[in-house]
Amino acid sequence: MARRRIIAGNWKMNKTPSEAVALCNELKDLVKNDDVDVVYCVPAIDIVPVAEAVKGTNVHVGAENFYIEDKGAFTGEISAPMLKEAGVEYVIIGHSERRDIFGENDILINQKVKKAFASGLTPIMCCGESLALRKAGTYKEWIARQIKWDLTDITADQVKTLVIAYEPIWAIGTGETATADQAEEVCKMIREIIADLYDQATADAVRIQYGGSMNAGNAAELLSKPNIDGGLIGGASLKPDFGQIVNA
Ligand code: PGA
């Protein structure tokens, strides 16, 4: 089954609003590709100017985080209705930096996945193992558990539109990429888990990205694998290289 490729930039805590607009303009011609979904997941304060800057192009806007309530006394948080009104279509949920630095657990991540779907946002739901788990050889069990927890009470029809990002923590921002075979092994396993939890049609539809030091040099090989449908790109999404990844 042909799945549409999705290449998403995760800008993390980079780019002021004016820098964000400048980057959109720099990338505009480089990321043109009608066969790929291109997404910029940007800091909350950049969402409005980025949505304006990419208007009329093939680029979709994503958020890096949100909270599960629509409004109220949640100092510092941003809600799904706020994101929707600003033109956001995708939201990263469960990134390892949110888990490790900000203490997000799989219960909250599952609540966020539910809330995103209920709000008409497409989750880019992240999973991945630490170096210790990779070395211990227990990474597959770990990832399987993350997926099961994070998808609790999510329906097959919802999962068909979901994006899952496999991001081995040891490859994030380190310059060390999983080999294409290592990435494919886990992405294939994730699809099998979805087939077990739901059915084959759902597993065939869900899009699975690899993330972790993906760059202009290694993207084509990673993306050539049958179970890797795209990438979640940090460092290289802030440079013209991102265009090469989109067109890899
Ligand atoms: P990286 O980050 O491409 O800089 O390794 C990927 C991510 O954390 O999404």
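In what follows, the structure referred to is the one given above.
The structure presented is a predicted model; accordingly, all values stated were derived computationally and were not measured.

Visitor: What is the right way to read helix H1 (residues 17–27) from this model?
Guide: Listing the buried residues of H1 in full gives Ala20, Leu23, Cys24 and Leu27. The arc that holds the buried residues of H1, viewed along the axis, is 100°, so those residues lie on one side.

Visitor: Would you mind showing me how to read the sheet that holds strand E3 (residues 59–63) here?
Guide: Pairing between sheet strands relies on hydrogen bonds along the backbone, with the strands arranged either parallel or antiparallel. Taken together, eight strands build a closed barrel; the order of strands is E1-E2-E3-E4-E5-E6-E7-E8 and the barrel is parallel. Neighbour-to-neighbour, the strand axes of this sheet turn through a mean angle of 25°, independent of strand direction. Of the strand pairs in this sheet, strand E7 (residues 207–211) and strand E8 (residues 230–233) are connected by three bridges, and their pairing is parallel. Counted as the bridge partner of Tyr210 is Gly231 from E8. Packing against the sheet, helix H7 (residues 139–150) makes contact with strand E5 (122–127) and strand E6 (163–166), and its axis sits at approximately 150° to E5.

Visitor: Would you mind showing me how to read the site of the ligand here?
Guide: Residues in contact with the ligand amount to 13 residues; listed here are only the nearest, Lys12, His95, Glu167, Gly173 and Ser213. The side chain of Lys12 places a nitrogen or oxygen atom 2.7 Å from an oxygen atom of the ligand. Contacts to the ligand include Gly173, whose backbone N or O atom sits 2.7 Å from an oxygen atom. Considering the ligand on its own, with 290 Å² of exposed area, one finds that the protein chains cover 95% of that surface. Class assignment of the residues belonging to the shell around the ligand gives a composition of four nonpolar, seven polar and two charged.

Visitor: How should the nonpolar core be read in this particular structure?
Guide: Side chains of a nonpolar character, in soluble globular proteins, are inclined to be buried together. Tyr40, Val50, Ile147, Ile164, Ile190, Tyr210 and Phe242 are the most contacted members of the largest nonpolar core, which has 68 residues in total. Sorting elements by how many residues they give to this core places helix H9 (residues 180–197) first, with nine residues. Among residues more than four places away in sequence, those in contact with Ile190 are Cys127, Ile143, Ile147, Ile164, Tyr166 and Ile208. Ile6, Cys41, Ile92 and Val163 belong to the second largest nonpolar core, which has eleven residues in total.

Visitor: What is the right way to read the pairing of strand E2 (residues 36–42) from this model?
Guide: If a strand is regular, its side chains alternate between the two faces of the sheet. E2 sits mainly inside the fold: seven of its seven residues count as buried. Two elements, strand E1 (residues 5–10) and E2, share six bridges in a ladder whose sense is parallel. Note on E2: the bridge partner recorded for Ile6 is Asp37. Where E2 meets E3, five bridges bridge the pair, whose relative direction is parallel. Bridge pairing links Tyr40 to Val61 in E3.

Visitor: How should I be thinking about the environment of Glu104 in this particular structure?
Guide: Turning to its location among the elements, Glu104 is positioned in the loop between helix H4 (96–102) and helix H5 (106–118). The exposure class of Glu104 is buried, given its relative accessible area of 8%. Considering only alpha carbons, one finds Glu104 and Gly94, ten residues apart in sequence, at a separation of 7.3 Å. Apart from residues no more than four positions distant in its own chain, Glu104 is found in contact with Asn65, Arg98, Arg99, Ile109 and Lys112. Of the polar contacts made by the side chain of Glu104, one reaches the side chain of Arg98; its length is 2.9 Å.

Rules behind the numbers
- Residues numbered from 1 in each chain as written.
- Predicted model: local features only at pLDDT ≥ 70, side-chain atom pairs only at ≥ 80, totals over all residues.
- Heavy atoms only, no water.
- Buried < 20%, exposed > 50% of the residue type's maximum accessible area, 1.4 Å probe, protein only.
- Helix = DSSP H or I, 4+ residues; strand = E, 2+ residues; numbered from the N terminus.
- Arc of directions from axis to C-beta.
- Pairing = 2+ DSSP bridges.
- Axes fitted to C-alpha atoms, helices over the stretch in contact; angles between N-to-C directions.
- Contact = heavy atoms within 4.5 Å.
- Near = heavy atom within 4 Å.
- Polar contact = N/O pair within 3.5 Å; in protein donor to acceptor, adjacent residues only side chain to side chain.
- Areas by Shrake-Rupley, 256 points an atom, 1.4 Å probe, with all protein chains shown as cover.
- Nonpolar A, V, L, I, M, F, W, Y, C, P; charged D, E, K, R; others polar.
- Core = buried A, V, L, I, M, F, W, Y, C linked by side-chain atoms within 4.5 Å.

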